Amino acid sequence: MNASQPEPAAPMRSSPDGLVAGSSLWQDAWRRLRKNKMAVASGVVIAVLGLACLLGPTLLAVAGGYDPDAQDLAYGPQPPSWQHPFGTDFYGRDLLVRVLAGGQVSLAVGILAALIAALIGTIYGAVSSYAGGLVDSLLMRVVDILYALPYMFLVIILVTILGQSLVLLFVALGAVGWLLTARVVRGQVMSLKEQDFVLAARSLGTSGRDIVFRHLIPNTLGPVIVTFTLTVPSMILQEAFLSFLGLGVQPPHPSLGSLINDGANQMLVFWWTLVFPGGVMAVLLFALNFLGDGVRDALDPRMRT
Amino acid sequence: MTGYLVRRVLELVPTALVIIAASFALVRLAPGSPFSSEKEISPEIRRQLEAKYGFDRPLPEQFVRYVRNLLQGDLGLSTKYPQRSVNEIIATGFPVTLSLAAVALVWSLLVGMTAGIIGAVRQNTVWDHSAMMAALVGISVPSFVLGPLLVLLFSLRLQMLPPAGWGDWRHLILPGLTLGTIYAASIARLTRGGMLEVIRSDYIRTARAKGLAERLVITRHMLRGGLLPVVSYLGPAIASMLTGSVVVEKIFNLPGIGPYFVDAAFNRDYFLVMGIVLLYAFFLLLMNLVVDLLYGLLDPRIDHA
Amino acid sequence: MRKLRRRIGGSSRSGQPAAWWLGWLLGAAVLVPLVGCQNRQSPFFGTVVPRHGPDELWINNSTEPEWLDPSRCSDSTGGEIIWNTFEGLVQAHPETLAPMPALARSWDVSEDGRRYTFHLRPSQWSDGRPLTADDFVFSFRRLVDPRTASKYASNGFVFAGGAAIGRGEASPETLGVRAVDDLTLEVELVDPLPYFLNFLSFYSFMPIPRHLLEDLERRGIDPDLWTRPEHVVSNGPFLMKEWWFRQRMVFEKNPRYWDASSVRLNRVRVAMVESSTTALNMYATGEFDWPGGSTSLPAEFMDHLSGYHDFHQHPFLAVYFYWVNTKEPPLDNPLVRRALSLAVDREALVRHVTRGGQIASADLVPDGLAGYRGLGQSVFDPDAARRLLAEAGYAGGAGLPPVSLSFNTSEGHKQVAEALQAMWQQELGITVELKNQEWKVFLANAEQMNFQLCRMGWVGDYADPYTFLELLTSDCGNNHSNWSSPAYDQLLEEANRQSEPEKRLDMLRQAEAMALEAQPLIPLYVYTRSQLIKPYVRGIWGNHQDRHPWKSIWIDSSADRSGRHSPTPEAP
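Quick caveat: nothing in here was measured; it's all calculated off a predicted structure. Once a new chain begins, its residue numbering starts again from 1 and follows that chain's sequence as written. Ligands are numbered from 1 and chains lettered from A, in the order in which they are written. At least 70 in pLDDT is required for a residue's local features to be given in this predicted model, at least 80 for side-chain atom pairs to be given and counted, and no such filter applies to totals for whole chains, interfaces and linings, which use all residues.

Peer 1: Any chance you could break down the overall build of chain B for me, citing the residues and the numbers?
Peer 2: Numbering of helices and strands starts at the N terminus; helices are DSSP runs of H or I of at least 4 residues and strands are runs of E of at least 2. A tally of helices and strands in chain B yields 12 helices and zero strands. Listed by position from the N terminus, the elements making up chain B come as α-α-α-α-α-α-α-α-α-α-α-α. Summarising its shape, the C-alpha atoms of chain B cover approximately 85 × 60 × 30 Å along the three principal directions. The proportion of buried residues among the 305 residues of chain B is 48%. If you take every contact in chain B between residues at least 6 apart in sequence, the share linking residues at least 24 apart comes to 73%. For every residue, the other C-beta atoms within 10 Å of its own C-beta are counted; 20 or more classify it as buried, 12 or fewer as exposed, and values in between as partly exposed. C-beta atoms are placed from the backbone. Remark: residues whose backbone-derived C-beta atoms lie within 7 Å of one another are considered to be in contact.

Right, here's the structure in full:
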């Protein structure tokens, strides 16, 4: 009987402290987010950049025959011109199309790795907290231990063990990056699980799995989204650091991180190879950070006006 | 309070053991051998080398032996630097990293907190925006770009400071700034956020209502509240500063311990990797303990009794 | 209890014109090129005034050496130090590398070229103890003794009985090395190797102070630590005084060196800076007089740096090539392998990618090495390549599975690999997957033949074609091609027994042609060394083994600071 019992996934009962809220919270948040000009502007910038990265390489290939991997060794590195607005790199490849293609990879790495991190972290944190007692303290000790291992050491070992491919890079970054989410979610669930609607569900005999996945996790989405928006830029930076070590995306495919690393090596002689990828990365990180701040403020009930 | 402290310290023991086991297993899982090199070495010589380090024994036995030596303070021998023990390598590198961490910490606190306070007190003014913008720049510029830029400006153009190397205090300025800036940026945002949170609280309103001078309100009350998030951030931040920065120490060629996190893992220098990972874990656990204790002092709402 | 919130960042709810922060970006964009433009007035890169006295030299040796023990050292950074702190039987001329007398005043060679008798000059260790032929016997035995676990033990296999000792089948005492008396040393070789004297100047063959090692053992100190400055005893032109781990070493002139009167420097400061960009910066500010032989300059800077008068370039005895795993389809087909080689535009590669004046070459042995006339094939013939590929059944690359190319993480290897990937795609329609591997993973994969194409650079240990040709012999552990040919092995063996040099070189040439016909590797170019040397530093010669003994270097404070100089005034 319990499974068929229609229980609103996002309970409409809004509690006074605002920790549990219904769809009105999302509507409120959306309204507040829209009023935040900075966040809206950032959202637009991200959308434009994302679209440019997604479609740009294809469009440029069709329209102008630009190929991110086509080399012209004799042409070599040339400063910006009308034909190559961002200049060309060491192999005579057009930098604009490489930056766009690299942005594609970086955005994908950032978002996918952050998604993996959010997914693992949310489930882990919720289960740990809901189970409570010995299981909770054991699971949380695991988090402490992983937290005490140097982050980069873990990623490097994971990348060496798993081998270097784009997909494994997401996995390695995500698999190490979920700790913060797990902690946040656990804290959130701690206070949620004593709430009326959870007690009610339990008294109706709802299974533990259903409670965790249908009642607890949906209600932690706010903080998870906030953590997520702040994890994306940090994952993009992590990929850049891995590129610095030569463990990032494999050539000839560019990522913003590997382009910036190449540029940093050459900035004394070919300044444009650093300035353009670096500029795009900065704009992207700016926008992601502002949007993250905006989302956090919008979801923070105490900011309600 | 003492009871709490004893309990916390006792809890660290199993954590530490698992950390040792986990990092031991991880390092050994990575493919490759510490003795492989471009030129082939004969099986007989490989056998001799493995026997010297005890790598010819079964893994569990090696682990037990490692832990036993560890308890006596012996971290083992390096395979990459066969004439040095890991103890000696860490002992020679640590003072360098420590000095770098000191400069970076002072710089990041000085700049970060100043910017954060300005941002909070002059909220939504040009001051606030420039401070936060600078913080975002600090967060989004990777140190492998910032470092070379500083060298270019201060060493090659202005010829004020040495470009790299280790000797006197002048060698610490540029690496300190490079390393500190990343942390300064985060501290600025945290300080501002923390202060804004208390700015609306009752006790600040009371303090203002009592006619307390604005400067005193800021320094006595708002700063104290604003410090909380900074303190919890500084725990892990100091731990990672104390164990150095791979990028900064490489760019400035400082003989600290930072590069070992990457190099020792790459060289499969098993004992050195373990030593450096344990050092990091030790600082992290220690700093977390310190942070929790400081929290009790700063925030009267928390009671460890 | 109220839940405590840890907030992650500040909030920013206000709007501000987007132009405002674009301004920031533009500012940064302007700043970089502004500070980036180089001061072009000076004909030299950076300062030209020495920051130290005229009897001092500041150089870079890139990284912390593994061993400074001649028997155990296997890296060039350790070799650099050993060459300048120890003295062997013969030394290489700093310009021509021809073997010259060192501790051996003279030597006799037996009729069959397999027995050498060295007559030593009386000399002392730096602690005043006399140096005898016994110290060499001890050193050579120690080199091949498996208990030493030397990665270069095989260097000692030139002596009779060496290989068996190395395999642990015979005692080190059976090595063909004998002290006839205190100042006479007799060695017996496996083959009459024409390059033996040149090879003997290698750092593996320096004497070892047996008395010091025994003394340390008696005092309960680990004798492996004997090269530390607090213990070390050596016999070369310089003595180590300080050794700051991963930082710097300081050397002073050895007053007991037999040729001390010709050593002009009193002090040499050797830093260990790994990053070439950092080393370049330190050179510019005068922290280095010479960033050292083993520091390679980044390709991006070559065009820029080669305009300066303190820039020097010379060929280096090393070949860059790709191993082909000849058991892996489709590379098991020699036609495909040869097509790959023919489709590489090596001239474009060295001109536009490596940029360091490297010599494009499809040969394994560099032309002109010890009188060797190279095969001279540097052919770029994409049409022939396409024909061969069609002949193999893959016309236009159709039906050819993707080929993987492995290289270890490094900017330079990546650049070459990316260029070749594009060439093969363009000329042959072959899809090449690049596999950038971390060093130890790369080595493990090479060892287990777990690759299709993999990059390799081979540095010649001595000036003879055999140092390269040996790579392709069946029992060579460094042969990573899965290719072997008994005919090739036999030809090389016969060549080494041949005592007539001209005939021997002819046979080696035949062997090389035979191997390249099968294309178990794809040679790309011969290395060069590009370096910066301050105009006031004299006595550094460009030679193809990159050996630059400090004993012939001096500081010329009156050096001409306006024009290009050649650091080659007089022979020692």
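Peer 1: Let's hear about the sheet that holds strand E12 (residues 267–271) of chain C: which residues, and what values?
Peer 2: Whenever strands of a sheet pair, they do so through backbone hydrogen bonds, lying parallel or antiparallel. All names here are of chain C. DSSP bridges decide pairing: two strands pair if at least two such bridges lie between them. The strand order across the open sheet formed by four strands is E1-E12-E11-E10, and the pairing between neighbours is mixed. Only two strands of the sheet have a single partner each, and these edge strands are strand E1 (56–60) and strand E10 (238–244). Strand-to-strand, the axes of this sheet are offset by a mean angle of 20°, without reference to chain direction. Pairing of E10 with strand E11 (residues 248–253), which is carried by six bridges, proceeds in the antiparallel orientation. Bridge assignment links glutamate 242 to a residue of E11, and that residue is valine 250. Axis lines are fitted to C-alpha atoms, over the contacting stretch for helices. Their N-to-C directions set the angle, which ranges from 0 to 180 degrees.

Peer 1: Account for the pairing of strand E4 (residues 104–109) of chain C, with residues named and values stated.
Peer 2: Residue and element names in this part refer to chain C. The sheet contact formed by E4 and strand E5 (residues 115–120) spans five bridges and is antiparallel. Looking across to E5, one finds that tryptophan 107 is bridged to phenylalanine 118. Between E4 and the antiparallel strand that follows it, E5, lie five residues; glycine 113 among them carries a positive phi value of about 70°.

Peer 1: Got a sec to walk through the interface of chain C and chain B? Specific residues and values, please.
Peer 2: Residue-level contacts link 48 residues of chain C with 55 residues of chain B. The set of elements that each furnish at least two residues to the side of chain C that touches chain B consists of helix H1 (18–36), helix H7 (276–284) and helix H13 (439–447) of chain C. Residue contributions to the side of chain C that touches chain B peak at six residues, all from H13 of chain C.

Peer 1: I'd love a proper account of the domain arrangement of chain C, names of residues and values included.
Peer 2: Residues and elements named next belong to chain C. Where a domain begins and ends is set by an automatic assignment or by a domain database. When the domains of chain C are assigned, the result is domain 1 (56–62 + 227–311 + 533–555), domain 2 (76–222) and domain 3 (314–528). Taken over C-alpha atoms, the centre of domain 1 sits 33 Å from the centre of domain 3. Each partner contributes residues to the interface: domain 1 has nine residues there, and domain 3 has 12 residues. The classification used treats Ala, Val, Leu, Ile, Met, Phe, Trp, Tyr, Cys and Pro as nonpolar, Asp, Glu, Lys and Arg as charged, and all other residues, Gly among them, as polar. Broken down by class, the residue content of the side of domain 1 that touches domain 3 amounts to three nonpolar, four polar and two charged.

Peer 1: Go over the sheet that holds E5 of chain C, please, and point to the residues and values.
Peer 2: Residues and elements named next belong to chain C. If you trace the four strands from one edge of the open sheet to the other, you get E4-E5-E9-E8, paired in antiparallel fashion. Looking at the sheet topology across the chains shown, the edges are occupied by E4 and strand E8 (177–181). Averaged over neighbouring strand pairs, the angle between their axes works out to 20° when direction is ignored. Lying on the sheet, helix H3 (residues 133–144) is in contact with E5, E8 and strand E9 (184–188); it crosses E8 at an angle near 170°.

Peer 1: Could you give me a rundown of the environment of alanine 385 of chain C, with the residues and numbers involved?
Peer 2: Residue placement: alanine 385 of chain C occurs in helix H11 (residues 382–391). Not counting chain neighbours up to four residues away, the residues in contact with alanine 385 of chain C comprise Ala339, Leu342, Ala343, Glu427 and Leu428 of chain C.

Peer 1: Which residues make up the confidence of the model for chain C, and what values do they have?
Peer 2: Residue and element names in this part refer to chain C. Values of pLDDT, ranging from 0 to 100, describe the predictor's confidence in every residue of the model. Considering every residue of chain C, the mean pLDDT works out to 86; 90% of them sit at 70 or more. In the predicted structure, residues 33–38 sits below a pLDDT of 50 and forms seven contacts with residues beyond four places in sequence or in another chain. Within the model, pLDDT remains below 50 along residues 562–572, and this stretch shows 18 contacts once partners closer than five positions in the same chain are excluded. Overall fold confidence for the complex sits at a pTM of 0.85, while the interface term, ipTM, reaches 0.85.

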